[in-house]
Amino acid sequence: MAAVGEDDAAWERAISAATKATSAPKTLALDGIVKSSTGRLPSAALLERVAASLEELSVAGARLSSLEGLPRLPALRRLSLPDNRLSGAAALAAVAEACGATLRHLDLGNNRFADVQELAPLAGVGVESLDLYQCPVTKVKGYREEVFALIPSLKHLDGADAEGNERLETDDDEDDEEDDEEGGEGEEGEGVEGEEEDEEDDGEEGEEEDGEDGEGDDEEEGDEEAEDEDGEAEDDELDADAEDKENIESKAGSSLPNKRKRDSEDDANGDK
């Protein structure tokens, strides 16, 4: 009993430290924090405090040999229990009961499962990815074919599909990419709208600039026309001055004979 109490105290400290930032964590990692002296998980009451919100639970390297007391985990999608001492159908029956309806990824690597039939409790759950690397069962002849036949929902076993093609990304990664693509489309749409608005603004500014340039051209043309008119006026004045000069000279020329005639007549009269 003392060992159980000591284990629970250590588990409680570990859970409190891992969840101090929130009262409803989605992820709880207790990897290597507690080395169970009894081979058991913490009492159900300790995990039940955070069980409702958990989507990922990892308890690696804790020397677990049993999953007895695993509480109901209604939202759990990923359970990681590698590097422990688990074996037998009873451990996986506890998993199926606690989170079989939502579980999609189960990591049991480097445990002690030695026979395919120990995995039978997983046949009725929706697990899609199962890791059993470094477990004795992986050395059984026909192991992969039997496991895929036993668990109809399974898509990947030890990182590869039934045809042996390696898994490049998890389903969670694909979901994240889809979310990113949707967000990217929204941003891209906003970007297109922004570009269209910029083009419209550029068009309006261009039209205003063209209008201003047009006004400037009109002013320049007006100045040129005014200069031409001034030039023509000056030419007209020069022409008028020339004509006046010619008229004066012609008048002066025409009056000379008459003047000479009158002077001759005056001289004649004087002689008389």
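Just so we're clear, the structure is a prediction, and the values are computed from it rather than from any experiment.

Quick notes on the rules
- Residues numbered from 1 in each chain as written.
- Predicted model: local features only at pLDDT ≥ 70, side-chain atom pairs only at ≥ 80, totals over all residues.
- Heavy atoms only, no water.
- Helix = DSSP H or I, 4+ residues; strand = E, 2+ residues; numbered from the N terminus.
- Buried < 20%, exposed > 50% of the residue type's maximum accessible area, 1.4 Å probe, protein only.
- Contact = heavy atoms within 4.5 Å.
- Areas by Shrake-Rupley, 256 points an atom, 1.4 Å probe, with all protein chains shown as cover.
- Salt bridge = Lys/Arg side-chain N within 4 Å of Asp/Glu carboxyl O.

**Brief notes about the overall build of the protein chain**
Helix and strand counts for the protein chain come out as five helices and six strands. Going from the N terminus to the C terminus, the protein chain shows its helices and strands as α-β-α-β-β-α-β-β-α-β-α. Considering the protein chain as a whole, with its 272 residues, one finds that 30% of them fall into the buried category. In the protein chain, the proportion of contacts linking residues at least 24 apart, taken out of those at least 6 apart, comes to 63%. On the protein chain, roughly 17200 Å² of surface is accessible, and the fraction owed to carbon and sulfur atoms is 44%.

**Side note on the pattern of salt bridges**
A complete count under the given rule lists three salt bridges for this structure. Put simply, Glu-12 and Arg-49 hold a salt bridge, and the shortest N to O gap is 3.3 Å. Of this pair, Glu-12 sits in helix H1 (residues 2–18) while Arg-49 sits in the loop between helix H2 (44–48) and strand S2 (56–58); the two residues are 37 residues apart in sequence, bridging distant segments of the chain. Residue class for Arg-49 comes out exposed when judged on its relative accessible area of 54%.

**Comments concerning unusual backbone geometry**
One non-glycine residue, Asp-83, lies in the positive phi region at around 60°. Turning to its location among the elements, Asp-83 is positioned in the loop between strand S3 (78–80) and helix H3 (89–99). For Asp-83, a relative accessible area of 41% gives the class partly exposed.

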